[in-house]
Amino acid sequence: MDERRGTPAGRTDAQVCRPAPADRLTIYEKSRPGRGAWSLPELGVPEVPVDGLIPAHLRRTAPARLPEVGEVDLVRHFTGLSTLNFGVDSGSYPLGSCTMKYNPRVNEAAARLEGFSGLHPYQPESLVQGALELMHELESWLVEISGLHAATLQPAAGAHGELTGLLVIRAAHLAEGRDPRRIIIPDTAHGTNPASVVMGGFVPAPVRSDARGGVDMDDLRAVVAEGDIAGLMLTNPNTLGLFDEHIVAIAGLVHDAGGLLYYDGANANAVLGISRPGDMGFDVVHFNTHKTFSTPHGGGGPGAGPIVVRDALAPFLPVPVVERDGDGRFFLQYDRPLSIGKVRTFYGNFGVLVRAWTYIRSLGAEGLRQVSETAVLNANYVMEGLRDILDLPYGERRCMHEFVGSAAPFREHGVRALDVAKRLLDHGVHPPTTYFPLIVDEALMVEPTETESKDALDWLIGAFRSVADEAKEDPALLREAPVTLPVRRLDEAQAARRPVVKQRFAEDGDGGA
Ligand SMILES: *Cc1c(COP(=O)(O)O)cnc(C)c1O
């Protein structure tokens, strides 16, 4: 706790905004009466009294308490804040399942082109032919990458794609006069999968993993035998970073039971140009453009979760779809009686789609395959570099784009996965994903991505190894970490449930945090 800030007892660090480490003053504490960062010209029109425009009870009785700072102080303040966060542009970010790859700047240049950024969604089709062509082309590329047949770009995120895909599956069953409710989900699944299943009106039917990290076939047979199978949701490679060796048999079992297969392709970094969900037997896929196709994400920024489906499911896709008429003109087709309807305003997060288009276009087929080959190589390189310090529960297998190690060997020093993750921050590394998937004790899920150089990977391995040494020599330090950052160990539950996001003043009687 920062005594000078007068943080009251009971309020956690997480709830306090701490600006630049050099001087942790808030912008209010930097305020000096009379300073300002603005200058406006004389008013050139008659001033309208606000009295008549805003009702009295909505009007301020005293001026707003705003900080008074000069322009340079203001710029330094926010620049300082902007450097406190970890980001892919500032260092290694091996956050498993999140695919924090570098986002090429050419994507940004393309998204900023005035012909794209200046569009209005109500412009007539004749004036947005380029945008429609881009959407049509991106859809066709996702179709090709997935080995399926028709796409929609509307969903705004991976989880939204899941819901959309499940609604399509529901509509397809209903059209055949059936209404099965159970969707099979392995115990390695991303948390959004069971949530989407429930939101889509289905019931999750869990299935265990086997000793090699794939779907346990005996358990799957037992779950299928209980009947009412609407489908199965699977990530392949799964969140253990392992490719399911039984995928063709799994698809056969589920299809024979009348179910459809949903591929959670949020993270397709291991399979681009190498294996296609359609060939594995999947009927619906979603992609996270913000992971696989490099649009900036994290911090709640916009994403896109396009879905691609097998031809029999195409009539159920959301409206509108982009089509091309006999004269080569693109248009938005709304006349689709079996469609599940719209899932988002207009046509999706268009700027994100421009970035994904640019990424795929600039890499080409060869480049995309190289992305996956390098992502897999890099993950295996880091896994081998850490083999003697972590437990690798599936270490006899080659991992794909990520691997899951266990920090259980540190337990004898009283150190947990969380402590390792927090200490990595002091070493300048964003921590890996921790405690997920749930079936690995003290899980550390590491995804270095293809955009890290060998030097960066060696440095990352070195950081993990230093922390492992410290765990033996000074375990108390790890339990306290991070010790070098402006924000120390957070109470994450309180930070999420009771965030304090607004300036409080001592005079208001609540401690001035
Ligand atoms: C990230 C992720 C999701 C969810 O994607 P969002 O865009 O965050 O909704 C779903 N499944 C897997 C495997 C993921 O890694």
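Residues numbered from 1 in each chain as written. Predicted model: local features only at pLDDT ≥ 70, side-chain atom pairs only at ≥ 80, totals over all residues. Heavy atoms only, no water.

A.B. asks: What am I meant to see in unusual backbone geometry here?
C.D. replies: Trans peptide bonds make up most of the peptide bonds, and negative phi angles are found at most residues other than glycine. Of note, the bond from Val 319 into Pro 320 is cis; its omega dihedral lies within 30 degrees of zero at -5°. Topologically, Pro 320 is positioned in the loop between β7 (307–309) and β8 (321–324). Of note, the bond from Ala 481 into Pro 482 is cis; its omega dihedral lies within 30 degrees of zero at 5°. Structurally, the position occupied by Pro 482 is in the loop between α13 (475–480) and α14 (492–497). A positive phi angle, close to 60°, is found at Asp 228, a residue other than glycine. Here Asp 228 is to be found in the loop between α7 (217–225) and β4 (229–234). Relative accessible area serves as the criterion here: at 41%, Asp 228 is assigned to the partly exposed category. The backbone phi angle of Tyr 435 is positive, close to 55°, even though this residue is not glycine. Examined against the element boundaries, Tyr 435 turns out to sit in the loop between β11 (433–434) and β12 (443–446). A relative accessible area of 28% means that Tyr 435 is categorised as partly exposed. (Helix = DSSP H or I, 4+ residues; strand = E, 2+ residues; numbered from the N terminus. Buried < 20%, exposed > 50% of the residue type's maximum accessible area, 1.4 Å probe, protein only.)

A.B. asks: So what exactly am I meant to see when it comes to the domain arrangement of the protein chain here?
C.D. replies: Where interface size is given, it is often the accessible area lost as the parts come together that is meant. Taken as a whole, the protein chain is organised into domain 1 (24–83), domain 2 (107–361) and domain 3 (364–497). Taken over C-alpha atoms, the centre of domain 1 sits 44 Å from the centre of domain 3. (Domains from an automatic or database assignment.)

A.B. asks: Before we go on, may I ask you to explain the sheet that holds strand β6 (residues 284–287) in this structure?
C.D. replies: Backbone hydrogen bonds hold the strands of a sheet together, and the pairing may be parallel or antiparallel. Sheet architecture is open: seven strands sit in the order β1-β7-β6-β5-β4-β2-β3, paired in mixed fashion. Two strands bound the open sheet, and with one partner strand each, they are β1 (150–152) and β3 (203–207). The mean inter-strand angle of the sheet, taken between neighbouring strand axes irrespective of direction, is 25°. Each of β2 (182–186), β3 and β4 touches α7; the most contacted strand, β3, lies at about 150° to it. (Pairing = 2+ DSSP bridges. Axes fitted to C-alpha atoms, helices over the stretch in contact; angles between N-to-C directions. Contact = heavy atoms within 4.5 Å.)

A.B. asks: How should the site of the ligand be read in this particular structure?
C.D. replies: Ser 97, Ala 157, Gly 158, Ala 159, Glu 162, His 190, Thr 192, Asp 264, Ala 266, Asn 288, His 290 and Lys 291 make up every residue found near the ligand. Here a nitrogen atom of the ligand and a side-chain polar atom of Asp 264 are 2.6 Å apart. At 2.7 Å, a side-chain N or O of His 290 approaches an oxygen atom of the ligand. The element best represented in the shell around the ligand is helix α5 (residues 158–175), accounting for three residues. When grouped by side-chain class, the residues that make up the shell around the ligand number three nonpolar, six polar and three charged. (Near = heavy atom within 4 Å. Polar contact = N/O pair within 3.5 Å; in protein donor to acceptor, adjacent residues only side chain to side chain. Nonpolar A, V, L, I, M, F, W, Y, C, P; charged D, E, K, R; others polar.)

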